[in-house]
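# An overview of the molecular structure
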Amino acid sequence: MRMQIRISVRELVEFILREGDIDNRIGKGQSADAMMEGTRIHKKIQKSMGDHYTSEYALKQTFWEPLYDLVLEGRADGIFKEDEDVYIDEIKGVYRKLDSLEEPVKVHKAQAMCYGYLYSVQENLDHIGIQMTYCNIDTEDIKRFRETYSIEELSVWFHEVLGQYKKWATFQCQWRQKRQESIAKLEFPFEYRKGQKKLAQDVYRTIVRKKNLFIQAPTGVGKTVTTIFPAIKAVGEGLQDRIFYLTAKTITASVALDTFHMFQEKGYRGKVIQITAKEKMCPLDEMECNPIHCPYAKGHYDRVNEAVFSLLEKEDFFTREVLLDHAKNCEVCPFEMSLDVSSWCDDIVCDYNYVFDPNVYLKRFFSEGIKGDYIFLVDEAHNLVDRSREMYSETLYKEDILLAKKIVKPYSKKLEKALDKINKVMLGYKRECENYEIYQDLGTILYTIMHVASDLDELLRKDMDFAGKKELRDIYLNIRNFLKIYDLVDEHYVIYGEVKEDGRFGIKLFCVDPSENLQHCLDKAGTTVFFSGTLLPIHYYKKLLSTKEDNYAIYAESTFTLDQRLLLMGRDVSTKYTRRNQEEFHKMARYIRELVLGKEGNYMAFFPSYKLMEQVHEEFESLLFQNGDRDITTLVQSSGMKEHQREEFLASFQAETKGTLVAFCVMGGIFGEGIDLTGDRLIGAIVVGTGLPQVNNEREILKNYYDEEIGAGFDYAYRYPGMNKVLQAAGRVIRTAEDKGVILLLDERFLQRDYVQLYPREWEDRKTVTLEKVSEEIDKFWNLLDDNEK
């Protein structure tokens with residue numbers, strides 16, 4: 001069967017015909033096309049055009065090449081007849097005022113011309129009309145441009161554009177052949193551990209059936225290699241064509257990259273890239289993406305295609321360092337170049353937001369109407385619940401509106417008046433708000449906000465500098481995102497107003513249930529595999545991360561033996577607010593001391609808040625002083641630690657260090673998950689409390705919502721998120737087959753049925769202790785291990 005190289009009309013023209021500078025200044029480089037936000041406008045215009053107008057007309061043509069068939073396809077927004085002439089209609093929703101638009105944007109017109117050529121060939125026309133329809137998203141004003149072309153004119157132009165793409169298509173064809181041949185020979189790189197082969201088979205079967213899979217994967221399963229391998233093999237079978245490995249943290253991205261690199265060393269020919277945030281890719285001290293401030297932005301699009309092609313010819317593994325070095329040599333923006341390189345990569349390692357975030361998602365892969373041959377591997381998927389709520393929520397602050405009003409006052413009375421109107425409405429809301437107030441909708445204020453956005457866009461497009469322009473641009477982008485999120489608001493949202501601790505008043509569009517928005521993104525892929533060591537209870541994550549009822553779920557078999565660790569639960573201590581007193585703090589400190597006296601080494605103690613952590617740490621230090629425990633030292637996590645401070649903190653955990661180290665940390669924080677302190681670098685963890693999030697307005701809104709929806713408000717708002725933090729903290733101890741250690745849970749609530757039913761299977765051997773008996777169990781455990789090693 002001949003290989004097919006597929007490309008959409010839009011991708012073709014935007015890739016081949018782009019030119020000029022990167023320019024983030026409003027009115028210069030900002031794309032006039034409002035992308036997904038224009039979907040509503042498209043449908044409204046199409047519906048208004050009458051019966052003679054055919055909407056969303058699919059066009060497709062295959063061009064034969066010696067090595068492959070090049071398939072070009074797309075959907076014309078509309079086709080209609082007028083006075084016997086046929087017209088292609090291309091609709092673009094824009095933010096800018098239309099009286100400033102004097103001619104169609106080049107790539108927009110080129111898109112329509114491609115459709116015109118394809119339709120003319122299909123219907124054997126000798127000429128065709130091209131209509132560009134621009135509609136302002138805020139005001140719904142419309143402006144049209146028309147032009148007529150002969151088939152000869154279109155043919156010459158079209159084949160010149162297509163000809164420029166052929167070297168890229170030929171490269172893609174030849175590389176894909178190499179990739180498929182290498183995958184056929186690829187084998188699992190290790191001897192399968194217990195349950196590992198079955199897990200890989202389950203992932204493969206899920207991809208074959210184009211389903212989604214949730215995996216509860218205990219530590220040590222080797223979830224990274226065991227999900228990547230079957231995904232690569234599935235690509236080799238032609239079941240899908242590209243793998244996205246999605247992570248929440250840098251450390252898990254590093255593990256994924258190491259795994260892909262290992263497969264390359266075993267013969268795999270796949271191009272692998274890690275997409276790094278723009279801020280970390282920018283070579284300048286201050287990130288200003290325009291030709292005035294950045295030499296890499298000036299003429300970027302004139303040079304970038306050749307820069308990408310030359311890099312593809314010499315590299316297969318695109319790290320941040322490789323990309324920065326090549327971009328510097330070619331004088332192009334390293335971040336934008338990295339996105340272009342990703343279009344030609346087989347495996348993309350990136351943060352969740354590049355797939356799911358409506359502001360950051362990779363439009364080249366996930367634009368409206370595009371479904372790709374993709375596999376999504378979502379690592380540490382428990383993080384996606386809160387992350388997705390953040391992505392699909394937005395807040396508009398009254399104080400920002402007031403600041404914008406002050407900034408625009410000298411330049412636009414109309415804008416000042418409209419912003420004043422919004423400010424007064426929000427001031428009224430603020431006065432009525434004691435704690436938080438829920439609104440059914442935003443009423444007429446929404447239309448004022450929409451008009452303000454349009455007028456701000458016009459003001460910021462003007463080629464002039466003024467005091468507060470940067471702040472105004474940030475406020476403008478916030479308003480734009482607020483309006484974008486408002487378009488998503490449905491029964492899965494709660495709109496509420498709240499006065500913050502600093503006195504600011506905000507109206508928040510809060511996505512309480514992100515499943516619908518996430519599913520819209522998941523539908524872009526053939527298969528998604530969610531996996532984590534703490535994906536419990538599984539029904540909670542299945543409900544919040546997808547809307548499909550036929551998703552698979554499996555519990556991977558643990559490779560560890562029970563004699564590697566001791567799991568203890570203290571039943572005579574509590575972290576309930578009503579019991580938080582000096583006596584309880586003293587008891588917690590004593591528990592920690594009893595544990596660390598059992599064996600010299602490194603320990604971590606996790607707490608639900610900084611306050612409780614500091615209170616128990618103070619008691620612990622007093623105990624050490626009273627008992628003369630000079631060989632025991634402590635570290636305390638501080639709020640807002642920088643990356644170098646975090647690295648210094650972790651560097652203290654050395655296996656060879658004499659004495660005992662106890663680190664006091666916060667559950668759910670930077671040390672509560674995603675760190676690997678293997679071997680003797682960590683031999684014990686104390687988890688104080690059930691990890692319940694602090695009571696606040698947002699948590700109460702979640703509780704009330706899920707009480708009404710399924711009668712499980714406390715579970716969804718507090719218990720399940722809290723227990724996840726507990727499981728993550730406890731999971732720091734046993735990371736490899738050689739690790740040994742003790743886990744001590746301190747809170748009588750851990751013995752309650754509601755918590756017991758959330759425990760992983762590996763916790764069946766847990767033991768209940770009191771302060772008086774805990775040292776006996778600890779000594780017994782370490783002595784038994786010492787005897788077995790003799």
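Residues numbered from 1 in each chain as written. Predicted model: local features only at pLDDT ≥ 70, side-chain atom pairs only at ≥ 80, totals over all residues. Heavy atoms only, no water.

## Quick notes on the sheet that holds strand β14 (residues 436-439)
Applicable threshold: The pairing criterion is simple: DSSP has to find at least two bridges between the two strands. Here a strand is any run of E in DSSP of at least two residues, a helix any run of H or I of at least four, and the numbering for each starts at the N terminus. Only C-alpha atoms enter the line fits that serve as axes; for helices the fit covers just the stretch in contact. Angles between N-to-C directions range over 0 to 180 degrees.
On the basis of which strands lie adjacent, the open sheet formed by four strands has the order β13-β16-β15-β14 and antiparallel pairing. A single partner strand is all that each edge strand has here, and the edge strands are β13 (394-397) and β14. Taken pair by pair, the neighbouring strands of this sheet meet at an average axis angle of 25 degrees, ignoring direction. In this structure, strand β15 (residues 493-499) lies alongside strand β16 (residues 505-511), joined through seven bridges in antiparallel fashion. From the neighbouring strand, Val-499 faces β16, where its bridge partner is Phe-505.

## Regarding helix α9 (residues 300-314)
Going by this rule: Under the convention used throughout, the expected extent of a helix is 1.5 Å for every residue step, that is, one less than its residue count. Think of it in three bands: residues with accessible area under 20% of the maximum for their type are buried, residues over 50% are exposed, and the middle band is partly exposed, with areas taken using a 1.4 Å probe on protein chains only.
Taking 1.5 Å per residue, 15 residues should reach 21 Å; α9 reaches 21 Å between its end C-alpha atoms and fits that length. Taken together, the buried positions of α9 are His-300, Val-304, Asn-305, Ala-307, Val-308, Phe-309, Leu-311 and Leu-312.

## Some words on the pairing of strand β2 (residues 54-64)
Of the strand pairs in this sheet, β2 and strand β3 (residues 68-82) are connected by 10 bridges, and their pairing is antiparallel. Looking at β3, one finds that Ala-58 is bridged to Arg-75. Once β2 ends, the chain turns through three residues before running back antiparallel as β3.

## Considerations on the packing of aromatic side chains
To be explicit about the condition: Between the rings of Phe, Tyr and Trp (Trp by its six-membered ring), a pair exists once the centres lie within 6.5 Å; its type follows the angle of the planes, with under 30 degrees stacked, over 60 edge-to-face, and the other angles tilted. Geometrically, a charge over a ring is one whose NZ (Lys) or CZ (Arg) sits within 6 Å of the ring centre while staying within 35 degrees of the ring normal.
By the definition in use, this model includes 46 aromatic pairs. With centroids separated by 6.4 Å and ring planes inclined at 70 degrees, the aromatic side chains of Phe-750 and Tyr-755 adopt a geometry described as edge-to-face. For the residue pair Phe-750 and Tyr-755, the accessibility class agrees, reading buried in each case. Among the aromatic side chains, those forming a connected cluster through ring pairs are Phe-15, Tyr-165, Trp-168, Phe-171, Phe-309 and Trp-344. Cation over ring: Lys-363 sits above Tyr-361, and NZ or CZ is 4.7 Å from the ring centre. Positioned over the ring face of Tyr-397 is Arg-504, at 4.0 Å from the centre of the ring.

## Thoughts on the pairing of strand β7 (residues 212-216)
The buried fraction of β7 amounts to five of the five residues, a majority that puts the element mostly inside the structure. Judged from the four bridges that link them, β7 and strand β18 (residues 552-555) form a sheet pairing that is parallel. Of the residues in β18, the one forming a bridge with Ile-215 is Ile-554.

## Describing the confidence of the model for the protein
What counts is decided by this rule: Scored between 0 and 100, pLDDT is the confidence that the predictor attaches to each residue. Residue contacts are defined here by distance: any two heavy atoms, one from each residue, within 4.5 Å place the two residues in contact.
This prediction gives the protein a mean pLDDT of 93; 98% of its residues lie at or above 70. Residue range residues 27-33 is modelled with pLDDT below 50. Its contacts to residues more than four positions away, or to other chains, number 20 contacts.

## A word on unusual backbone geometry
A cis amide bond links Leu-536 to the next residue, Pro-537, at an omega of -5 degrees. Unusually for a residue other than glycine, Asp-83 sits at a positive phi of about 50 degrees. Topologically, Asp-83 is positioned in the loop between β3 and β4 (85-94). Take Asp-83: its relative accessible area is 70%, and that puts it in the exposed class. In this structure, Lys-210 is a non-glycine residue whose phi angle is positive, near 55 degrees. One can find Lys-210 in the loop between α5 (196-208) and β7. For Lys-210, a relative accessible area of 52% gives the class exposed.

## Observations concerning a negative patch on the surface
What counts, and what does not: Residues form patches when they are more than 30% accessible in relative terms and have no salt bridge. Like charges link within 9 Å. Nonpolar side chains (Val, Leu, Ile, Met, Phe, Trp, Tyr) link within 5 Å. Reported accessibility uses the Shrake-Rupley method at a 1.4 Å probe radius. Residues are deemed covered only where the shown protein chains occlude them. Note on definitions: salt bridges are taken to be side-chain nitrogens of Lys or Arg within 4 Å of carboxyl oxygens of Asp or Glu. Charged residues are defined here as Lys and Arg on the positive side and Asp and Glu on the negative side; His and the ends of the chain fall outside this count. Working definition for charges: the position is that of NZ of Lys, CZ of Arg, CG of Asp or CD of Glu.
Among the surface-exposed residues, Glu-491, Glu-516, Glu-708 and Glu-709 lie close enough to one another that they form a single negatively charged patch. Mapped onto the secondary structure, Glu-708 falls in helix α24 (residues 697-710).

## Side note on the sheet that holds strand β23 (residues 684-688)
The seven strands lie next to each other as β21-β22-β20-β23-β24-β19-β25, forming an open sheet whose pairing is parallel. If you trace the sheet from one side to the other, it starts and ends with β21 (632-636) and β25 (767-769), each paired once. Direction aside, neighbouring strands of the sheet carry axes that sit 20 degrees apart on average. Strand direction decides the pairing type here: strand β20 (residues 602-607) and strand β22 (residues 660-666), joined by six bridges, are parallel.

## Quick word on the nonpolar core
One broad trend across soluble globular proteins is that nonpolar side chains are buried collectively. Filter applied, for reference: The nonpolar core is taken to be a set of buried Ala, Val, Leu, Ile, Met, Phe, Trp, Tyr and Cys residues, with the residues joined through side-chain atoms within 4.5 Å.
Of all hydrophobic cores here, the largest spans 198 residues; its most connected members are Phe-356 and Met-604. With 11 residues, helix α4 (residues 151-185) is the largest single contributor of residues to this core. For Phe-356, the residues in contact, after removing those within four places along its chain, are Leu-246, Leu-384, Met-391, Tyr-392, Leu-518, Cys-521 and Leu-522. Ranked by size, the runner-up nonpolar core spans 36 residues in total, among them Leu-595, Val-616, Ile-686 and Leu-771.

## Focus: helix α10 (residues 320-330)
Residues that lie three or four places apart on an α-helix share one face, since the helix turns once every 3.6 residues. Here is the rule: What the arc covers is the set of directions going from the helix axis to the C-beta atoms.
When α10 is considered as a whole, its buried residues turn out to be Leu-323, His-326 and Ala-327. Down the axis of α10, the buried side of the element spans an arc of 100 degrees, and every buried residue falls inside it. Opposite its buried face, α10 presents the exposed residues Glu-321, Lys-328 and Asn-329, each directed more than 90 degrees away. Elements in contact with the buried residues of α10: β9 (272-274), α8 (278-281), α9, β10 (317-318) and α11 (334-342).

## Quick word on the environment of Ala-655
With respect to the helices, strands and loops of the structure, Ala-655 is situated in the loop between α23 (643-651) and β22. In this structure the C-alpha to C-alpha distance between Ala-655 and Ala-730, which are 75 residues apart in sequence, comes to 19 Å. Setting aside chain neighbours within four positions, we find Ala-655 in contact with Asp-680 and Arg-681.

## Concerning the environment of Gly-689
Take Gly-689: it is sitting in the loop between β23 and α24. The class of Gly-689 is buried, set by a relative accessible area of 0%. Along the chain, Gly-689 and Thr-528 lie 161 residues apart, while their C-alpha atoms are 34 Å from each other.

## Re the pattern of salt bridges
Summed over the entire model, instances satisfying the criterion amount to 53 salt bridges. Here Lys-249 ties to Glu-673 by a salt bridge, and the two come within 3.9 Å at their closest N and O atoms. Pair noted here: Lys-249 is in the loop between β8 (242-247) and α7 (250-265) and Glu-673 is in the loop between β22 and β23, with a separation of 424 residues, a long-range link. According to the relative accessible area criterion, Lys-249 is partly exposed, its value standing at 32%. Assessed through its relative accessible area of 9%, Glu-673 is described here as buried.

## A closer look at the side chain of Asp-715
By the secondary structure assignment, Asp-715 is in helix α25 (residues 713-730). When its relative accessible area of 18% is taken as the criterion, Asp-715 is described as buried. Each residue touching Asp-715, except ones within four places of it in the same chain, is listed here: Tyr-720 and Pro-721.

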